[in-house]
Every structure is written in C-alpha cells, then in structure tokens.
Amino acid sequence: MSARPLPEDARTVVVGAGIMGLSIAYNLARFGAERVLVLDGGYLCGGASGRNGGGVRAQWSSETNIRLMRRSIALCDEFATKMRINVWFRRSGYLFLARSDERARQLEASCALQNEHGLSTRILDPTGIKKLVPQLDVSRVVAASHNPDDGVVFPWPFVWGYAREAQRLGVELHTHTRVLDLETEGERITGVVTDRGRVRAERVICAAGAWSPELTRKVGVELPSRPHRHEICSTEPLKPFLEPFVGDLGTGLYFSQSMRGEIVGGISNEHVPEGLDQASSLRFLALYARSLTRAMPILGGVRVLRQWSGCYDLTPDGNPLVGPVDEVPNLYLASGFMGHGFMMAPIMGELYARHLLFGEEPELFERWNLRRYAQGNLLSETMILG
Amino acid sequence: MSNKVLICRCEDVLLDELEEAIAKGHDDLESVKRYTGFGTGWCQGKQCTALVARLLVSRGGVAPALPITPRPPFHPIPLADLAGLCPDDAEEPA
Ligand SMILES: Cc1cc2nc3c(=O)[nH]c(=O)nc-3n(C[C@H](O)[C@H](O)[C@H](O)COP(=O)(O)OP(=O)(O)OC[C@H]3O[C@@H](n4cnc5c(N)ncnc54)[C@H](O)[C@@H]3O)c2cc1C
C-alpha cells in the first residue's frame, strides 16, 4: 500500500488514518473536495480505531452528544449498504446499571433529556432488568437505563469501508508513512515532512488520536488532552445469550457479546503508566474479572482468550477538540474523543466536511474549539465509560 | 476436488482468503491478521503465524520483522480464577 510515491502537494493533509481521519477524508471527497491526502505512520486499524469495543450509543447526558450520536447511529444503519461492506451492526441496546441512589438520579435526568430528543430510553427497576438480562445479579443494583436503539459494530470493516470508498472518490491514502515534522512560514503550515519525503500542504487536519498532542507540539501548540491506556479483553465464544451492551458508570465496567459469541469488555483503571503505552496488564484482567463475575456470576467458568489495549485521548472536560487552532490558522484539530471517538466518527466526519466546505454547524465548532480552554468555557458529560 | 486449505484452524481461515487479503493490499503481517482474523482464536496464532509469514514473503508482501503482537494470557484462563487475583485495596466505586 505504501509503494506509490507521495504527491508533491495537497489541498488537505489529514494526519492519521484512524476512523476519524478516514471519515473526514471520505466526506470531504463526497462533497467534492479535491487533493485530499491521508497519511498514517502504521497500518490500517493499528490505532485506537482497531482496538475498541465497537459500542455505539445515543445515551448521553449532554444535548450535543445525544443529538450527534443519534445521527451517527442512523449512519451506522445504512453503512453496510452504502459502503458495501458488512460491519456486523447489531442494534441490541445499551443497559446502564446504577448501584447507588445518586447514580440512579443521574441516569433519570439523562433519560428525561434523551426522551425530549426522541430517544426511547426507559428507566428499569431490578425486576425489569432481570427480564431483559436474567443472568445479571441485581442484588446491588438500584436501577438502570435502557435504550433499545443503541448497538455495537465490528470496528475493523468500518475502517476498511471508509478507506476503500474514500480512495474510490479520489482520496490518496498512504499507510506506513509517518509525519515527522510540520513546516511553517509565519504562523501558517506550509508542508509536512514524512519518513518518505515532503508534501506541501495548504491545510493540515490533525486526526492522530492519542498521538495528537505529540503532533501539534511540533508547531508549538500545547493541547490540554493526554493519552491514557485503556485495556480490553475477550473470552471464548459462547452461544448468543446476552442482548444489550451492559455498562456500569461507577466502576466503568462494560461488556457485550460480539457476533462471534465472545464476551468483549473492559473497566476503568486509573493505575496505568503515563503516556502512549499499549501494553497489557494482569491487574486489569483481575479488576475486570472481579467486577464482571459479581455483575454476572454465571460467567465465572468462562475463559479469557486474549487481552490487548489502546490509547484514549482524554480531555479535561470530556469533550473533543475540533476546528482550527487560533495560533496556527491552517491547522485543524479532530481529536480528544475520549473513549467514544469510534461512534462519533460517522457524524463528525460529515459535519467536519460540511463545516470546512460550506461553513455549516458554526455553533458546534465554536463550542468544541480548543479556545474554550483559554476562555474558561469548559463543558461537561457525566456518561463517560472507562 | 476441493481446494480448501485451512491455514488458521481456530478461526477457519483458508489459504484462498489469505491470498485474497494480500492481493487487496493487506500485505504486512498485522494487516493480514486484521483483515482475515487469523491468529485471534483459541491458540492465538501459535500454530499459524509462521505459515502466514512464509506465505506473505512468497506472495511479494512485506517480510515481517516480528511475529504478530502476542496477546496474553498464554493459555485461556477462567474469569473466576482471575477475579481471585484482584488486589484487596481495589475498591469498587458505585
Ligand atoms: C480499548 C478501547 C475501547 C474503546 N471502546 C470504544 C467504544 O466502545 N466505542 C467508541 O466509540 N469508542 C471506543 N474507544 C475509543 C475509540 O477507539 C477512539 O476514540 C477512536 O478510535 C479514535 O479514532 P481516531 O481516528 O481519532 O484515532 P486512532 O484510531 O488512534 O488513529 C490515529 C492514527 O494516527 C496515526 N498517527 C499518529 N501520529 C502520527 C504521525 N505523526 N504521522 C502519521 N500518522 C500518525 C496512528 O498511527 C493512528 O493510526 C475505545 C478505545 C479503546 C482503546
């Protein structure tokens, strides 16, 4: 894939061929943009986009996230037919468990907001939860919220689908091509320097996931986000029995049954090495296994087959960084997507392209701009997992 | 005669499928793994990684410097056994 020579120049260079960079590039091309170049230092699916749980939900606590994720789910629905690739999308719902009254009240408030925005989310009592997932131990559970329209996808084909369709529309994609430096003249970027040569660039979109702070630092821009290792694992395959994706915002425990039958899941773990680290730990397996077997004791005899990890790109206020950087006006950010960038990518790619090409969604791009940190306009989101 | 040659027995990946992946440009070891799923099943690639690497080289792909990243645990382990290893100080926040 990397043998073709790089072009000499590009209108738009997207750094990072994860789901975000590819979705933006595909949508730019779809709306007629030309000379779009996507570069990635590794192989497709090598970053967080190839390492995640594939959870796609509209159950959020902020209006913006609810509104956007609702549209992302609709895009997932038509992805297979439009992009001609099976992404194993399964709309089997998300169930959030609350083990304290305070957490239950939070879920109730979010549920009310979600209902206002047309979601079918309902609050369930322990009896209702048992009806949905009989294998759950609800003795410590106070309540849960359930949206039957949330779902899961298999992440890999999603990435290939975007990559293939973007290229069909004229986007140039080069993997195994790392951006080492950004060249500037005055306050503007003029080109990117890679390990395979230079490319002149009229604008650069940083979609480098957890590597984004490292990239923007090359032009003196310090991002407030930081990489955080998040681990995940999967078990031997079982006969399908578990409908919804189950989450617990207290521990950050989440698990779902994949279309291959495996139980795939993870849990919050603050005690991980700082920085860009993609190693696996026994401590994670032990934490996860304890919380999972408490939530669903019947899984005790099921064996873990494999564990791996990836990096979240964490922002202090739990909201992403999008749009131009004031200090370097032709550098655009598409980063800081925490542990939910995969589900955001279908709609973000479309809005990003519409914003760049037609100036649409000015309010969203202002709200999520990096400058909110300088201005002190921080946002919030209480339904963060992991 | 059937030309179904199994390379990865755990995930049922056929020679044909590996060749198709390489032809589509998934021509390094980690990409072939992701495109075909070889090496992600019960044995975690212990039986098939070397075979795929050889195939890749013979079909003009990128000669791998390393095997696919080995994923723990070395053998499948029951969740109940792992739960027993959880440190006492790890509280479960509600
Ligand atoms: C274990 C785990 C579970 C998750 N679960 C979910 C989930 O259930 N649902 C969900 O929506 N999200 C989930 N996420 C988060 C989600 O995976 C990410 O938010 C999303 O994939 C980010 O996509 P991205 O394209 O921005 O970044 P990435 O996929 O990380 O892509 C960034 C790319 O940039 C490349 N790059 C970096 N620096 C350079 C450079 N200098 N030059 C060239 N290329 C460069 C990297 O090689 C990489 O391929 C999870 C994440 C992890 C780790």
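None of these values were measured; they are calculated from a predicted model. (Residues numbered from 1 in each chain as written. Chains lettered and ligands numbered in written order. Predicted model: local features only at pLDDT ≥ 70, side-chain atom pairs only at ≥ 80, totals over all residues. Heavy atoms only, no water.)

**Considering the overall build of chain B**
Then, in step 1: The number of helices and strands found in chain B is four helices and three strands.
Then, in step 2: Listing each helix as α and each strand as β along chain B from the N terminus yields β-β-α-α-α-β-α.
Then, in step 3: Computed over its C-alpha atoms, the radius of gyration of chain B comes to 18 Å, more than 25% above the 12 Å expected for a compact globule of 94 residues.
Then, in step 4: Along the first, second and third principal axes, the C-alpha set of chain B runs to 55 × 30 × 25 Å.
Then, in step 5: Of all 94 residues assigned to chain B, the portion counted as buried reaches 45%.
Then, in step 6: Restricting to contacts in chain B with at least 6 residues of sequence separation, those with at least 24 account for 53%.
Then, in step 7: If the 9 positive side-chain charges of chain B are averaged to one point and the 14 negative ones to another, these points end up 11 Å apart. (Helix = DSSP H or I, 4+ residues; strand = E, 2+ residues; numbered from the N terminus. Rg over C-alpha atoms; globule rule 2.2 N^0.38 Å. Buried < 20%, exposed > 50% of the residue type's maximum accessible area, 1.4 Å probe, protein only. Contact = heavy atoms within 4.5 Å. Lys, Arg positive; Asp, Glu negative; His and termini not counted. Charge placed at Lys NZ, Arg CZ, Asp CG, Glu CD.)

**Let's talk about the interface of chain B and chain A**
Then, in step 1: Each partner contributes residues to the interface: chain B has 33 residues there, and chain A has 40 residues.
Then, in step 2: Contact with chain A buries surface across chain B, with Arg34(B), Leu79(B) and Glu92(B) losing the most and accounting together for 25% of the total.
Then, in step 3: Across the contact surface, chain B and chain A share three salt bridges.
Then, in step 4: In this structure, the connection of chain B to chain A is made through 14 residue pairs in polar contact (both at pLDDT 80 or more).
Then, in step 5: Sorting the residues of the side of chain B that touches chain A by element identifies helix H2 (29–36), strand E3 (77–78) and helix H4 (79–83) of chain B as the ones contributing at least two each.
Then, in step 6: Per-element tally for the side of chain B that touches chain A: the top contributor is H2(B), with five residues.
Then, in step 7: When grouped by side-chain class, the residues that make up the side of chain B that touches chain A number 17 nonpolar, seven polar and nine charged. (Buried area = accessible area lost by both parts, 1.4 Å probe. Salt bridge = Lys/Arg side-chain N within 4 Å of Asp/Glu carboxyl O. Polar contact = N/O pair within 3.5 Å; in protein donor to acceptor, adjacent residues only side chain to side chain. Nonpolar A, V, L, I, M, F, W, Y, C, P; charged D, E, K, R; others polar.)

**Digging into a nonpolar patch on the surface**
Then, in step 1: Residues Trp88(A), Phe154(A) and Met259(A) make up a contiguous nonpolar surface patch of about 270 Å² in total accessible area.
Then, in step 2: By the secondary structure assignment, Met259(A) is in the loop between strand E14 (253–257) and strand E15 (263–266). (Patch = residues over 30% accessible without salt bridge, like charges linked within 9 Å, V, L, I, M, F, W, Y side chains within 5 Å. Areas by Shrake-Rupley, 256 points an atom, 1.4 Å probe, with all protein chains shown as cover.)

**Things to note about the domain arrangement of chain A**
Residues and elements named next belong to chain A.
Then, in step 1: Looking at the assigned domains, one finds that chain A contains domain 1 (9–50 + 156–225 + 317–375) and domain 2 (90–151 + 226–314).
Then, in step 2: Using only C-alpha atoms to locate each centre, domain 1 and domain 2 end up separated by 30 Å.
Then, in step 3: Counting residues at the interface gives 15 residues for domain 1 and nine residues for domain 2.
Then, in step 4: Among the residues domain 1 hides against domain 2, the three largest losses belong to Ala210, Ser225 and Met338. Together they make up 50% of the total.
Then, in step 5: For the interface between domain 1 and domain 2, the tally reads zero salt bridges.
Then, in step 6: Across the domain 1-domain 2 interface, the total number found is three residue pairs in polar contact (both at pLDDT 80 or more).
Then, in step 7: No other element matches helix H6 (residues 212–216), which puts three residues into the side of domain 1 that touches domain 2.
Then, in step 8: Partitioning the side of domain 1 that touches domain 2 into residue classes produces eight nonpolar, six polar and one charged. (Domains from an automatic or database assignment.)

**Side note on the site of the ligand**
All names here are of chain A.
Then, in step 1: Taken together, 36 residues lie around the ligand, and Asp40, Ser49, Val179, Gly341 and Met343 are the ones closest in.
Then, in step 2: One nitrogen or oxygen atom from the main chain of Gly41 is found 3.0 Å from a nitrogen atom belonging to the ligand.
Then, in step 3: One of the backbone nitrogen or oxygen atoms of Gly339 is found 3.0 Å away from a nitrogen atom of the ligand.
Then, in step 4: Here the ligand loses 96% of its free accessible area of 1,000 Å² to cover by the protein chains.
Then, in step 5: Of all the secondary-structure elements, those providing two or more residues to the shell around the ligand are helix H1 (19–30), strand E12 (226–235), strand E16 (303–314) and helix H8 (341–358).
Then, in step 6: Residue composition of the shell around the ligand, grouped by class: 17 nonpolar, 16 polar and three charged.
Then, in step 7: Shared between two domains, the shell around the ligand takes at least three residues from each, and those domains are domain 1 (9–50 + 156–225 + 317–375) and domain 2 (90–151 + 226–314). (Near = heavy atom within 4 Å.)

**Some remarks on the pairing of strand E11 (residues 197–206) of chain A**
All names here are of chain A.
Then, in step 1: Two strands pair when backbone bridges link them, and strand E1 (residues 9–15) and E11 are joined in this way by six bridges, in the parallel orientation. Bridge assignment links Val13 to a residue of E11, and that residue is Val204.
Then, in step 2: Bridging between strand E10 (residues 188–194) and E11 involves four bridges; their strand directions are antiparallel. Bridged to Gly191 within E11 is Arg200.
Then, in step 3: Where E10 folds back onto E11 in an antiparallel hairpin, the turn is made up of two residues.
Then, in step 4: Two elements, E11 and strand E18 (residues 328–335), share three bridges in a ladder whose sense is parallel. Within E18, the position partnered with Cys206 by the bridge is Leu333. (Pairing = 2+ DSSP bridges.)

**Overview of the pattern of salt bridges**
Then, in step 1: For the structure on display, the rule yields 32 salt bridges over all chains.
Then, in step 2: Salt-bridge contacts for Asp326(A) lead to Arg371(A); the nearest nitrogen and oxygen are separated by 2.8 Å. A residue pair is termed long-range when its members are at least 10 positions apart, and Asp326(A) in the loop between strand E17 (321–325) and E18 and Arg371(A) in helix H10 (residues 371–375) qualify at 45 residues.
Then, in step 3: Measuring nitrogen to oxygen at the nearest pair gives 2.4 Å for the salt bridge that ties Glu19(B) to Arg59(B). Placement of Glu19(B) in helix H1 (residues 15–23) and of Arg59(B) in the loop between helix H3 (49–58) and E3 is noted, with a sequence separation of 40 residues between them.
Then, in step 4: Looking at Glu19(B), the relative accessible area reads 26%, which means it is partly exposed.
Then, in step 5: Linked through salt bridges whose partners overlap, the residues forming this network are Asp9(A), Arg11(A), Arg35(A), Arg200(A) and Glu202(A).

**Side note on the sheet that holds strand E13 (residues 245–248) of chain A**
Then, in step 1: Taken together, the nine strands give an open sheet; going across it, the order is E5(A)-E6(A)-E4(A)-E13(A)-E14(A)-E15(A)-E12(A)-E16(A)-E3(B), and neighbouring strands pair in mixed fashion. The sheet terminates laterally at strand E5 (122–124) of chain A together with E3 of chain B, the two strands that pair on one side only.
Then, in step 2: Pairing of E14(A) with E15(A), which is carried by four bridges, proceeds in the antiparallel orientation. When the bridges of E15(A) are listed, Ser256(A) appears paired with Val264(A).

**A look at the nonpolar core**
Then, in step 1: Among the nonpolar cores identified, the biggest contains 75 residues, and Leu22(A), Phe158(A), Ile205(A), Met348(A) and Tyr352(A) are the most heavily contacted of them.
Then, in step 2: Of all the elements, H8(A) adds the most residues to this core, at ten residues.
Then, in step 3: Discounting residues that sit within four places of it in the chain, Ile205(A) has contacts with Thr12(A), Val13(A), Val14(A), Val15(A), Ile24(A), Leu28(A), Tyr332(A), Ala334(A), Tyr352(A) and Leu356(A).
Then, in step 4: Core analysis: the second largest hydrophobic core is formed by 33 residues, Leu136(A), Val246(A), Ala286(A) and Cys86(B) among them. (Core = buried A, V, L, I, M, F, W, Y, C linked by side-chain atoms within 4.5 Å.)

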